Structure formats: structure tokens, C-alpha cells
Amino acid sequence: MAAERAEATASGGYVVMLEAEAGHWVMVGDVDRRPGLSARNSRVQAVRDAIGREPAGDEIYAALPRSEWRVARQL
């Protein structure tokens, strides 16, 4: 029961990925979603939170909902 509650509270977040080279993605972080932000702004903030700075102009990131990441790992 406690594990289910921990899973439920930890589900509101993003897995942040960096495109290291064309078509090759590397996970750089797993961060909680900040309340009060739109979906787009929440993803941008997730990238900032994961890398601890503003992304450089040549870096490409993706912020995937944590719940989608869990489903994808089960395939």
C-alpha cells in the first residue's frame, strides 16, 4: 500500500532526454512537475531543473511525461 502511494505521488513529472547525436538520445534526469505552469512551460522548466542551467542553443532536449516513460519501458 505504501509503495502504491509513493508511486502515485511520484508520477507527476518528466524524464528529460538529450539528443547526444542525430537519433541517439541519452537520459539526463527525472524531475517532478512544477504546479501552476502550462504543459509547454512545465516541460521547459523540467529541462532547466534536470540540467541545472539554461540549455545551450545547440542542445536538443525532450521532456517526456514520467507515466509515458514507464509504459514505454514495459514493452
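I will try to describe carefully the structure that is included in this document. Bear in mind that the values here come from a model prediction, so they are computed numbers and not experimental data. (Residues numbered from 1 in each chain as written. Predicted model: local features only at pLDDT ≥ 70, side-chain atom pairs only at ≥ 80, totals over all residues. Heavy atoms only, no water.)

**As for the overall build of the chain**
Counting secondary structure elements, the chain contains three helices and three strands. In sequence order, the chain lays out its α and β elements as α-β-β-α-β-α. A buried classification covers 20% of the 75 residues belonging to the chain. In the chain, 47% of the contacts between residues at least 6 apart in sequence involve partners at least 24 apart. When the accessible area of the chain is evaluated, it comes to approximately 5300 Å², of which 54% is carbon and sulfur surface. (Helix = DSSP H or I, 4+ residues; strand = E, 2+ residues; numbered from the N terminus. Buried < 20%, exposed > 50% of the residue type's maximum accessible area, 1.4 Å probe, protein only. Contact = heavy atoms within 4.5 Å. Areas by Shrake-Rupley, 256 points an atom, 1.4 Å probe, with all protein chains shown as cover.)

**Examining the sheet that holds strand 3 (residues 61–65)**
Across the sheet, three strands lie side by side as 2-1-3; this open sheet has antiparallel pairing. Edge positions in the open sheet fall to strand 2 (24–32) and strand 3, since each of these has one partner strand only. Across the sheet, the axes of successive neighbouring strands diverge by a mean angle of 25°, strand direction being ignored. In terms of strand pairing, strand 1 (residues 13–21) meets strand 3 through five bridges, oriented antiparallel. Bridge pairing in strand 3 links Val15 to Leu64. Helix-sheet contacts for helix 3 (residues 66–73) involve strand 1, strand 2 and strand 3, and the interaxial angle to strand 3 is about 85°. (Pairing = 2+ DSSP bridges. Axes fitted to C-alpha atoms, helices over the stretch in contact; angles between N-to-C directions.)

**Points about helix 2 (residues 39–51)**
For helix 2, spanning 13 residues, the distance from its first C-alpha to its last is 19 Å, which sits close to the expected 18 Å at 1.5 Å a residue. Of the positions making up helix 2, those classed as buried are Ser42, Gln45, Ala46 and Val47. (Expected span 1.5 Å × (residues − 1).)

**Re the pairing of strand 2**
Note: strand 1 against strand 2, eight bridges, orientation antiparallel. From the neighbouring strand, Val16 faces strand 2, where its bridge partner is Gly29.

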